[in-house]
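# Observations on chain architecture
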Amino acid sequence: MKLGIIGAMEVEVCALKQQIANARTVTRAGMEFTEGLLGGREVVVVQSGIGKVNAGLCVQILCDLFAVTHIINTGVAGSLCNDANIGDIVVSVDAIYHDVDATVFGYAPGQVPQMKSASFPASPALRSAAVAACRKAAPEIQVFEGRVVSGDQFICDADKKKWIADTFHGFCTEMEGCAIAQASYLNEIPFVIIRAISDKADGSDIVSYPEFEAKAAEHCALLVAELVRTL
């Protein structure tokens, strides 16, 4: 087993990089891939950069250059569900795009043309292990399993949030997860997305967002480290 661990921002991966033993760094496409041992497991930790193109390209490099066998995406997200509050964790059941629309040709909302379905399911084994690791490492934190909804937009408008929630029935929204899911699917690599809620995706807490983002990202990275140790 060799795990590729992706975070979009430095704050989402720096704590993990600091824990890697026998680390070596390789740069490709402007991304730094840190390879070594984490919790006794072979890992490659990388900051992909923000957005779908960066995320998909990152997965392909992990597959081609490092031959990873599993993908874990860590980071923060905006809540689409009233039950999921700032600091809570969402583990992906599946992922779907909110900014893909080929419905005029008969595709479902969010479905990429020529893909068999609109959503990409996460690995059941990784999902189960992620939930167990989160509950062990931070039993005081709520953990949800649900759909991750992605697009190249930072959602901070209540009407837009409602449309995404009503249309795609997701638990959280962010900018990379579904691209990671699609690239993993195309490469036949099991994946899971683990997201800490940093905001309510409606603009209500935008002033405090940087503080919430940093805390949520660090917390999520610690939970991912626990997951790696248990796999």
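All of the points below concern the structure found in this document.

What counts as what
- Residues numbered from 1 in each chain as written.
- Predicted model: local features only at pLDDT ≥ 70, side-chain atom pairs only at ≥ 80, totals over all residues.
- Heavy atoms only, no water.
- Buried < 20%, exposed > 50% of the residue type's maximum accessible area, 1.4 Å probe, protein only.
- Helix = DSSP H or I, 4+ residues; strand = E, 2+ residues; numbered from the N terminus.
- Right-handed = clockwise from strand over helix to strand, strands pointing away.
- Contact = heavy atoms within 4.5 Å.
- Core = buried A, V, L, I, M, F, W, Y, C linked by side-chain atoms within 4.5 Å.
- Salt bridge = Lys/Arg side-chain N within 4 Å of Asp/Glu carboxyl O.

Most of strand β8 (residues 143-150) is tucked away, with six of its eight residues classed as buried. Note on the crossover from β8 through helix α4 (residues 158-168) to strand β9 (residues 172-174): the handedness is right-handed.

Looking at the secondary structure, you find Q182 in helix α5 (residues 177-186). Owing to a relative accessible area of 14%, Q182 belongs among the buried residues under this scheme. Apart from residues lying up to four places away in sequence, Q182 is in contact with Y97, V112, M115 and F120.

I6, F33, L62, F66 and I71 are the most contacted members of the largest nonpolar core, which totals 38 residues. Elements with a contribution of two residues or more to this core: β3 (31-38), β4 (41-47), α2 (52-66), β5 (70-79), β6 (89-97), β8, α5 and β10 (191-199). Of the residues forming this core, the biggest block, seven residues, is contributed by α2. Beyond its immediate sequence surroundings of up to four residues, I6 is in contact with V13, V46, S48, C58, V59, L62, I71, I72, N73, T74 and I180. If you look at the next biggest cluster of nonpolar residues, it comprises 34 residues, including V76, L126, V143 and A196.

On to unusual backbone geometry. At Q114, a residue that is not glycine, the phi angle is positive and equals roughly 80°. Structurally, Q114 is set in the loop between β6 and β7 (120-121). For E188, which is not glycine, the phi torsion reads 60° and is therefore positive. Mapped onto the elements of the fold, E188 is located in the loop between α5 and β10. A residue is classified by how much of its surface remains accessible, and E188, at 72% relative accessible area, is exposed.

Attention now goes to the environment of G51. Take G51: it is sitting in the loop between β4 and α2. In this structure the C-alpha to C-alpha distance between G51 and G87, which are 36 residues apart in sequence, comes to 22 Å. Once residues within four sequence positions are removed from consideration, G51 is found in contact with D152, M175 and E176.

Under the criterion given, the structure shown has ten salt bridges. Residue E35 is joined to R24 by a salt bridge in which the shortest nitrogen-to-oxygen separation is 2.7 Å. Here E35, found in strand β3, pairs with R24, found in strand β2 (residues 21-28); they are eleven residues apart in sequence, far enough to count as distant. Residue E35 is classed as buried on the basis of its relative accessible area of 14%. Two residues, E226 and K136, come together in a salt bridge whose shortest N-O distance is 3.6 Å. Here E226, found in helix α6 (residues 209-230), pairs with K136, found in helix α3 (residues 124-137); they are 90 residues apart in sequence, far enough to count as distant. Overall, the relative accessible area of 63% leaves K136 in the exposed class. Salt bridges sharing common partners tie together K2, R24 and E35.

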